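Take a look at the letters that make up each chain.
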Amino acid sequence: MAAVYKSLSKSNAQKAEEAGNSAKKNKQRVLILSSRGVTYRHRHLLNDISSMLPHGRRDVKFDSKSKLNELNELAELYNCNNVLFFEARKGKDLYLWLSKVPNGPTIKMHLQNLHTMEELHFTGNCLKGSRPILSFDATFDEQPHLRVIKELFLHTFGVPQGARKSKPFIDHIMGFSVADGKIWVRNYQISEEEGSLLKSGDDKDGSKKSKGASTKVGANTEIKLTEIGPRFVLTPIVIQEGSFGGPIIYENREFISPNQIRSDLRKAKASRHNARLEQNVERLSRKGDLGLRATGSRRASRNGFDNKSVFA
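Residues numbered from 1 in each chain as written. Predicted model: local features only at pLDDT ≥ 70, side-chain atom pairs only at ≥ 80, totals over all residues. Heavy atoms only, no water.

1. Comments concerning the nonpolar core
Grouped together as the largest cluster of nonpolar side chains are 33 residues, with contacts concentrated most on Ile49, Leu84, Phe86, Phe153, Phe176 and Leu234. Sort the elements by how many residues they give to this core and helix 5 (residues 144-157) lands first, with five residues. Apart from the residues lying within four places of it in its own chain, the contact partners of Ile49 are Leu84, Phe86, Phe157 and Phe232. The next biggest cluster of nonpolar side chains, apart from the first, holds 16 residues, and it includes Leu33, Leu71, Val101 and Phe244. (Core = buried A, V, L, I, M, F, W, Y, C linked by side-chain atoms within 4.5 Å. Buried < 20%, exposed > 50% of the residue type's maximum accessible area, 1.4 Å probe, protein only. Helix = DSSP H or I, 4+ residues; strand = E, 2+ residues; numbered from the N terminus. Contact = heavy atoms within 4.5 Å.)

As structure tokens, then:
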């Protein structure tokens, strides 16, 4: 009987292996790196994102900002098919590049409203290396360029099952929503509370105090979403057909670069200053026309210090 059971178990194991081999595996690896000139806040964001992506490969800073096509060779060297590149400009502006190596596409986005985990001081926490649930807004399916961005987000931030350094748990959600032409990224922890804890946390009126969104699952369990960070906002700029190159298939006409905004502010301040100077000149000219201003010779003659009286 034992021999029959062993033979049956071996046959079932072989069938499971064949089914596993026939199933298509999601093999995604992400190369994470930044350019020179990043600030400490940018560096902390890079550390937060790399800790959330166990299938990522962290690399040193990339020197060149003009020859980005060299990142394709670097990704092939580390056996990565996705690139997450942070480009810093002037120590103020941060741009995010997402690319699918080696055939593309490539998305360039402006990153702003950055808040890292250390800045937020949220009480939530998640297991390092756990797999996230990616939640997308319904707006991503309405426009073609948003569908491309959604697909790249799935390949980059979606941790494949059985990835290296990943844990077999799902305890946080990454939310992507579109508003005002920008993509808002949030990260929430999934926490469960039993009925005994829920009763102890109720107040006198029987209402429960909670800061995050909550959903009841069953009679004795409640699921809450607690934000843990990081949070940031992305503005799509261009989408290229190839990997860090090729023709532009989408361009955001409404995007205004931070350099242009700072230049307009300086011009506005200069125009106000010039307007004040023109008003002062007009005021002095009106006083001179009315005879209210005394010239230097007339003022000196009144005091007795003109040239004729001094050098007589």
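Having put the structure on the table, let's press on.
2. A closer look at the environment of Asp180
Here Asp180 shows up in the loop between strand 7 (167-179) and strand 8 (182-194). Taking the C-alpha atoms as reference points, Asp180 and Thr235, 55 residues apart in sequence, are found 9.6 Å from one another.

3. Some details on the packing of aromatic side chains
On inspection of all chains with the given rule, the structure shows seven aromatic pairs. Ring pairing ties together the aromatic residues Phe136, Phe140, Phe153, Phe157 and Phe176, which thus form one cluster. One residue, Arg57, lies across the ring of Tyr78, its end atom 4.1 Å from the ring centre. The cationic tip of Lys108 hangs over the ring face of Tyr95; the distance from NZ or CZ to the ring centre is 4.9 Å. (Phe/Tyr/Trp six-rings, centres within 6.5 Å; stacked < 30°, edge-to-face > 60°. Lys NZ or Arg CZ within 6 Å of the ring centre and 35° of its normal.)

4. Notes on unusual backbone geometry
At the junction of Val101 and Pro102, the peptide bond is cis and its omega measures out at 0 degrees in the coordinates. Tracing the chain through its elements places Pro102 in the loop between strand 4 (93-100) and strand 5 (106-115). Note the cis peptide between Gly229 and Pro230, where omega equals 0 degrees. Phi at Asn113 takes a positive value of approximately 50 degrees, unusual for a residue other than glycine. Position of Asn113 relative to the elements: it lies in strand 5.

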